[in-house]
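So the chains spell out like this:
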Amino acid sequence: MRNERVPGKGARSSGLLLRAAVRRLDTRGVEEPELNAQWLLADALGTERLALLTDLSVPVPAAALRRFENGLVLKESGLPLAYILGWQNFRGLKIKVDARVLVPRPETEELAGLAADYLKPFSGDISALDYGAGSGAIGLWLAHRFPVLKVTAVEKSARALACARENAAALGLAGRINFIRAETLAGMRGKFNLIVSNPPYIPTRVINGLSPEVLSEPRMALDGGGDGLGIARMLIALSPGRLKKGGAMLLEVGGGQAKNLLARMSAKTWTGKKLFKDLNGVERFVFGMTK
Ligand SMILES: C[S@@+](CC[C@H](N)C(=O)[O-])C[C@H]1O[C@@H](n2cnc3c(N)ncnc32)[C@H](O)[C@@H]1O
């Protein structure tokens with residue numbers, strides 16, 4: 001019997017298949033066709049992308065070719081690459097993602113980095129609350145980065161919370177995370193050193209015009225209500241009651257939203273208010289500490 005994992009006679013090389021796939025994805029208007037094709041072929045062959053690129057003469061067995069073809073069809077249909085692969089790299093952690101959760105974005109890796117900058121000087125008993133945890137990426141990475149940190153992950157969607165729990169278990173962090181299903185900070189207990197959040201912030205009216213790729217992500221993860229700021233406003237209003245004295249709130253927001261939110265943080269309650277730009281120069285992160 002033929003072994004489909006071993007290349008048969010006439011199996012095409014990885015380089016040849018890659019070139020054809022890039023042309024195909026490009027013709028279909030898929031962004032970053034090279035990267036997508038490389039990741040999909042590497043995944044089909046069970047290897048890393050960079051390892052794939054070191055030898056493009058490797059013959060591709062029939063089973064891998066079928067898997068690659070499936071991946072290309074899914075990509076052409078507008079599915080995010082991370083959903084097809086089943087994971088997304090988040091500051092070096094492999095985070096499982098699927099249709100239950102938003103795919104963590106590079107800006108959110110920056111948010112987690114800013115959160116780490118704030119937590120770094122603390123020692124001993126420190127705690128952080130990740131509001132709207134989704135896949136759990138932010139809170140899990142912080143727990144991984146700070147072995148003493150206690151993390152509370154709050155999420156409205158039961159399906160997303162299940163994914164975050166699966167990620168915590170896979171990363172050996174389950175014992176360090178308190179998962180809470182809730183849709184507001186009201187009624188929450190405990191006081192934290194940091195509340196960090198990447199809330200949904202897209203105004204409802206804009207949602208239907210988003211790309212098919214973004215629209216395949218959960219609407220609950222995108223839709224921030226009328227002006228997009230509903231949850232951010234709630235966090236600004238209620239975080240002070242859940243922060244230790246001198247504790248900080250750090251939010252990721254949409255382009256053009258940050259100044260408006262900063263202006264809502266009253267000088268009576270907040271100190272050290274600051275906006276941070278992301279790597280693209282967009283005012284993206286809102287920071288403040290309680291007095
Ligand atoms: C933009 S996603 C962020 C997910 C993850 N933290 C990340 O950065 O990749 C927002 C998350 O907030 C959740 N969410 C939406 N409304 C919420 C609410 N009222 N309370 C708590 N979580 C909410 C969504 O289900 C989604 O998982």
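Structure first, text after, so check above.
Numbering of residues begins from 1 in every chain and follows the order in which that chain's sequence is written. A pLDDT threshold of at least 70 governs which residues receive local features in this predicted model, and a stricter bar of 80 or more applies before side-chain atom pairs are shown or counted, although totals over entire chains, interfaces and linings include all residues. For side-chain calculations, the full set of non-hydrogen atoms in the structure is used, while hydrogens and water are omitted.

## Details of the packing of helix H1 (residues 14-27) against helix H4 (residues 62-76)
Stage number 1. Every angle, taken between N-to-C directions, lies between 0 and 180 degrees, and every axis is a line fitted to C-alpha atoms, over only the stretch in contact when it is a helix. Per the convention used, a helix needs a DSSP run of H or I reaching at least four residues, while a strand needs a run of E reaching at least two, with both numbered from the N terminus. Orientation of H1 relative to H4, taken along the N-to-C sense of each, is 15 degrees, at an axis distance of 11 Å. Comparing the axis directions of H1 and H4 gives the class roughly parallel. Between H1 and H4 lies a crossing of right-handed hand. Of H4, the residues touching H1 (which contributes Leu17, Ala21, Arg24 and Leu25) are Leu65, Phe68, Glu69, Leu72, Val73, Lys75 and Glu76.
Stage number 2. A class-by-class count of the residues in the contact of H1 with H4 yields seven nonpolar, no polar and four charged. Roughly parallel means an angle under 35 degrees; roughly antiparallel means over 145; roughly perpendicular covers 65 to 115; every other angle is labelled oblique. Definitions for this section: a left-handed crossing has its near helix turned counterclockwise from the far helix by less than a right angle. A right-handed crossing has that turn clockwise. Contacts are residue-level and defined by heavy atoms, with any inter-residue pair within 4.5 Å sufficient. Note that Gly is not counted as nonpolar here; it falls among the polar residues with everything else outside the nonpolar set of Ala, Val, Leu, Ile, Met, Phe, Trp, Tyr, Cys and Pro and the charged set of Asp, Glu, Lys and Arg.

## Notes on the site of the ligand
Stage number 1. Only a single heavy atom is needed: when it lies within 4 Å of a molecule or strand, its residue is near that molecule or strand. Around the ligand, a shell composed of 19 residues is seen, among which Tyr131, Gly132, Glu155, Asn198 and Ala221 lie nearest.
Stage number 2. Definition of a polar contact: a pair of N or O atoms within 3.5 Å, with one able to donate and the other able to accept a hydrogen when the atoms are protein atoms, and with sequence-neighbouring residues admitted only if both atoms are side-chain atoms. In this structure, a nitrogen atom belonging to the ligand sits 3.3 Å away from a main-chain N or O atom of Ala133.
Stage number 3. Lys156 places a main-chain nitrogen or oxygen 3.2 Å from a nitrogen atom of the ligand.
Stage number 4. Contact with the protein chains covers 95% of the free accessible surface of the ligand, which is 590 Å².
Stage number 5. A breakdown of the residues in the shell around the ligand according to their chemical character gives 11 nonpolar, five polar and three charged. A 1.4 Å probe and the Shrake-Rupley method give the accessible areas. Residues count as covered only by the protein chains that appear here.

## Here we look at the packing of helix H6 (residues 106-119) against helix H7 (residues 137-145)
Stage number 1. As a packed pair, H6 and H7 sit with axes 10 Å apart at the nearest point and diverge in direction by 40 degrees. When the axes of H6 and H7 are compared, the pair comes out oblique. In terms of crossing hand, the pair formed by H6 and H7 is right-handed. Taken together, the residues of H7 that come into contact with H6 (itself represented by Thr108, Leu111, Ala112, Gly113, Ala115, Ala116 and Leu119) are Ile138, Trp141 and Leu142.
Stage number 2. Within the contact of H6 with H7, the residues separate by chemical class into eight nonpolar, two polar and no charged.

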